[in-house]
Amino acid sequence: MTHWMELVELYEYKVTDLVEGRVPRGGRRGLALLRDELLGAPLEPPLLRRLMEADRTYRLHQGNRAAAPPPRQGHTGPSTWNAPTTGDTEEVRAWEELQLLLWHHRAALQARDLTLRWQREPTFRHLRVLYTVIENAERLARPGTQPLPVPPAHDALMDLHDPEVTGLLAQALSALLLTDEGRTRVRAALSAVHAEPFPRHPDEDVLAARIAAAEREPMSHEARATLIRALQAEFPLPRDPRERPAIREAAREVGRFLDGILDSVPKPAMNAVPHGSVLYSPNAPSAMRGPDDGAERLTIFLRGGGSARWRGLNIEWQPIGPNWQLQVGSQLALLRPGLAPQERTQTLRLPDSQFRAFISGAYLLLLVESQTALELGRRASLSRAVSLLLDASMDFAFLRLARAAAQLLRGGALQVEKLTPDSARRYRDATPDVLLAFARKGVETLCVRLSRVNPEEAAQAFRNAAQTLGLHRVLADRLHAALHVALHDPETLPAPVVAERVSLVPGAPFASVQLADEPLTLLIEGRAATVRPDYKGELVIMLPGLAPLILHDLLVVRLSDVNVLLVRHGQWLGAALTHDVPVPGSDAAGATTADIRGTN
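Residues numbered from 1 in each chain as written. Predicted model: local features only at pLDDT ≥ 70, side-chain atom pairs only at ≥ 80, totals over all residues. Heavy atoms only, no water.

The phi torsion at Met 394 lies on the positive side, around 50 degrees, for a residue other than glycine. Residue placement: Met 394 occurs in helix H12 (residues 393–409). Even without a glycine there, the phi angle at Glu 525 is positive, about 45 degrees. Mapped onto the secondary structure, Glu 525 falls in the loop between strand S13 (520–524) and strand S14 (527–533). (Helix = DSSP H or I, 4+ residues; strand = E, 2+ residues; numbered from the N terminus.)

Evaluated as defined, the whole model comprises 24 salt bridges. Here Glu 12 makes a salt bridge to Arg 50, at a shortest N to O gap of 2.9 Å. Separated by 38 residues along the polypeptide, Glu 12 in helix H1 (residues 2–19) and Arg 50 in helix H3 (residues 45–62) bring together distant segments of the chain. Accessibility expressed as a relative area gives 22% for Glu 12, which makes it partly exposed. We note a salt bridge from Glu 90 to Arg 303, for which the minimum N-O separation is 3.5 Å. With a gap of 213 residues between them, Glu 90 in helix H4 (residues 88–119) and Arg 303 in the loop between strand S3 (297–301) and strand S4 (307–310) connect regions that are remote in the sequence. Because the salt bridges share partners, they merge into one network encompassing Glu 9, Glu 12 and Arg 50. (Salt bridge = Lys/Arg side-chain N within 4 Å of Asp/Glu carboxyl O. Buried < 20%, exposed > 50% of the residue type's maximum accessible area, 1.4 Å probe, protein only.)

The subject of this paragraph is helix H5 (residues 125–139). Its 15 residues give H5 an end-to-end C-alpha distance of 21 Å, which sits within 8% of 21 Å, the value for a rise of 1.5 Å per residue. For H5, the set of buried residues is His 126, Leu 127, Arg 128, Val 129, Leu 130, Thr 132, Val 133, Ile 134, Glu 135, Asn 136 and Ala 137. (Expected span 1.5 Å × (residues − 1).)

This structure, assessed with the given rule, holds 6 aromatic pairs. Here Trp 118 and Phe 257 contribute two aromatic rings whose centre-to-centre distance is 5.7 Å and whose plane-to-plane angle is 90 degrees, an arrangement assigned as edge-to-face. Residue Trp 118 is located in helix H4, and its partner Phe 257 is located in helix H10 (residues 244–262); the two are separated by 139 residues in the primary sequence. This pair shows no difference in class: Trp 118 is buried, exactly as Phe 257 is. Through a chain of ring-to-ring contacts, the aromatic side chains of Phe 396, Tyr 427 and Phe 438 assemble into a single cluster. One residue, Arg 311, lies across the ring of Trp 310, its end atom 5.8 Å from the ring centre. (Phe/Tyr/Trp six-rings, centres within 6.5 Å; stacked < 30°, edge-to-face > 60°. Lys NZ or Arg CZ within 6 Å of the ring centre and 35° of its normal.)

This part is about the nonpolar core. In terms of nonpolar packing, the biggest core is built from 74 residues, with Phe 462, Leu 479, Leu 483, Leu 504, Leu 522 and Ile 524 touching the most fellow members. Here this core takes 10 residues from H12, the largest share from any one element. Once residues within four sequence positions are removed from consideration, Leu 504 is found in contact with Ala 511, Leu 522, Leu 523, Ile 524, Val 564, Ala 575, Ala 576 and Leu 577. Core analysis: the second largest hydrophobic core is formed by 39 residues, Trp 95, Leu 335, Ala 362 and Tyr 363 among them. (Core = buried A, V, L, I, M, F, W, Y, C linked by side-chain atoms within 4.5 Å. Contact = heavy atoms within 4.5 Å.)

Moving on, we get to the pairing of S3. Within S3, 4 of the 5 residues are buried, which leaves it mostly tucked inside the rest of the structure. Pairing geometry for S3 and strand S10 (residues 363–369), over 5 bridges, is antiparallel. Directly across from Ile 300, in S10, lies its bridge partner Leu 364. (Pairing = 2+ DSSP bridges.)

Residue position: Ser 387 is located in helix H11 (residues 371–389). For Ser 387, a relative accessible area of 1% puts it in the buried group. Polar contacts involving the side chain of Ser 387 include one to the main-chain carbonyl oxygen of Arg 384, which spans 2.7 Å. (Polar contact = N/O pair within 3.5 Å; in protein donor to acceptor, adjacent residues only side chain to side chain.)

Let us now look at helix H2 (residues 27–39). Here H2 is 13 residues long and its end C-alpha atoms lie 19 Å apart, about the 18 Å a rise of 1.5 Å per residue gives. Of the residues making up H2, those classed as buried are Leu 31, Leu 34, Arg 35, Leu 38 and Leu 39. Burial along H2 is one-sided: seen end-on, the buried residues are contained in an arc of 125 degrees. Exposed positions of H2 whose direction lies more than 90 degrees from the buried face are Arg 29 and Asp 36. (Arc of directions from axis to C-beta.)

Next up on the list: the pairing of strand S11 (residues 501–504). By the alternation rule, side chains of S11 split into Val 502 and Leu 504, which are all buried, and Arg 501 and Ser 503, of which none is buried. Taken together, the 4 bridges between S11 and S13 define a ladder with parallel strand orientation. Bridged to Leu 504 within S13 is Ile 524.

Our next topic: the packing of H11 against helix H14 (residues 432–450). Geometrically, a packed helix pair is captured by the angle between its two axes and the distance between the axes. The contact between H11 and H14 brings their axes to 9 Å, and the two run at 120 degrees. Our classification of the angle between H11 and H14 gives oblique. Seen along the crossing, H11 lies across H14 with a hand that is right-handed. Two secondary-structure elements touch here, H11 through Leu 382, Ala 385, Val 386 and Leu 389 and H14 through Leu 436, Ala 439, Arg 440, Val 443 and Glu 444. For the contact of H11 with H14, a count of residues per class yields 7 nonpolar, no polar and 2 charged. (Axes fitted to C-alpha atoms, helices over the stretch in contact; angles between N-to-C directions. Parallel < 35°, antiparallel > 145°, perpendicular 65-115°, else oblique. Left-handed = near helix turned anticlockwise from the far one by under 90°. Nonpolar A, V, L, I, M, F, W, Y, C, P; charged D, E, K, R; others polar.)

Turning our eyes to something else, we now look at the sheet that holds strand S7 (residues 331–335). What links the strands of a sheet is backbone hydrogen bonding, and the strands pair in either a parallel or an antiparallel sense. Spatial strand order, S4-S5-S6-S7: 4 strands in an open sheet with antiparallel pairing. Among the strands making up the open sheet, the edge pair consists of S4 and S7. The mean inter-strand angle of the sheet, taken between neighbouring strand axes irrespective of direction, is 20 degrees. Sheet topology places S4 next to strand S5 (residues 313–320); 4 bridges connect them, and they run antiparallel. Among the inter-strand pairings, Arg 309 is bridged to a residue of S5, identified as Asn 314.

All right, on to the confidence of the model for the protein then. Averaged over every residue, the pLDDT of the protein is 82; the share at 70 or more is 87%. No element of the protein has a lower mean pLDDT than helix H8 (residues 204–216), at 67, and none a higher one than S3, at 95. Low pLDDT (under 50) marks residues 64–87, which in the prediction has 41 contacts with non-local residues, meaning those over four places away or in another chain. Note on residues 585–600: pLDDT is under 50 here. Beyond four places in sequence and across chains, it has 46 contacts. (pLDDT = per-residue confidence, 0-100.)

This brings us to the environment of His 61. Among the structural elements, His 61 can be located in helix H3. Discounting residues that sit within four places of it in the chain, His 61 has contacts with Leu 18 and Val 19.

Turning next to the sheet that holds S13. The 5 strands are arranged S11-S13-S14-S15-S16 in an open sheet whose pairing can be described as mixed. The open sheet has two edge strands, S11 and strand S16 (549–551), and neither has a second partner. Averaged over all neighbouring strand pairs, the angle between strand axes comes to 25 degrees, with direction disregarded. Sheet analysis places strand S15 (residues 539–542) next to S16, joined by 3 bridges and oriented antiparallel. What sits directly across from Ile 541, in S16, is Leu 549.

Rendered as structure tokens:
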């Protein structure tokens, strides 16, 4: 970064010399070479802004009027840019690619949300199927490679509890979905996994022959058993056939998710761009009169203009060599049409809104992303982490673990005497609102600390804390994963709908509701909660047997067997239902302490 800053400063000095009539040090050729280097450099926005200001001065001095922005939008005459006219073929091709990039962006978000949801399952059934589909789809591109069987639950080599691993899964899937060939291979791999989750290992006959030969050897029974065990250790053990129906059901559910994505792939434009859909288009039928402030997207032919005003913001752009510099409000971005398709997108964050930019040649697609949805997604992920800390199992094991991890991340000594099971008595005695506030503050404090360390160091701190407190490592991984998601990868909520009744299902994603004047009923496994404003205008949640609860921005309501998660931003309400994660070693944990029998 220091290197680029010095070069930008040098460029500013050289431009000043040129404008004031002096020959820049290194000559005009040296100035031109430095300019070309900086225009293609990966500069941070503040540095890029300085470069653009200096470069504007340089271009004005050079008299390069053709590079100056043309009149603002609304101008209907010919462009002042001396650029070649774009033909229909280029526009159609760019339009189709932009629609595909937009679809792919949304598909990648869906994939990430689903992997995070499936990560909360106890045996990772869906993630194991998805992992196998991705791996086998990639193997189909290498003829002769054997298909991978669905791996067993809690495979030590997969680390499916790690949100970074599931993030890589989502990225690998989205990369496959970007091409026709990749989508075809995904469908084929999914069909094969459903037909046979555990394909026969190619060396099974070899193993059977070796075991048969060992049984014929003249040796003692103990020696023969030892030899057979050694032979079997060289090959994967056959899978339990009783697991096959559950894996096939998971494959069907993964298939339904993928079908929803694959069926929404944009259709070809049939050699025609929709009427009036491209601002500054050189083609009369597709040219847009002016931006629609009510639309969620805007497509612009960049060579046809230099500025526009959309949704109350000034949008300006200019060519930077083969790239385009875009400014939306106060935010700058350098768009590079030469990058791989999945890399030709950027996010521009403003105080009250967020935009996603996609580039194809000289065509730009701007998508407005609701800041409300982003904020609500952060609160939703935060509420999942808070619900863990409110779990009273094993004397508030998660809450004690969180406090221990915070001490380690702070760099201090672990005060075990303050984290014993007896210390949880005060949590049981606290009122629900006080305990919720305490748990939320704990989650937010931990997120701040996690932002200062790398994920591997953080994961180890949680595991060390669990070991010191005598808690299972699975708890550490669950809590770290929930906090990591809340900090780095919050879930995406769907657009809100107007409804009077909403059913909440454990394990399902958050439901989104647009609050209206009428009360909202939430159906919770045979119970009904009423959501409505009170005489003060505050939003009140009423559940049978509980005192009325006020929902400001986040609320976790703990019932006997489920957690009701509620988040709110204005009139947008998000609601979800989860079960506690049974703690290994507790009565709810099932037959063993090495597995978690439940979902959050």
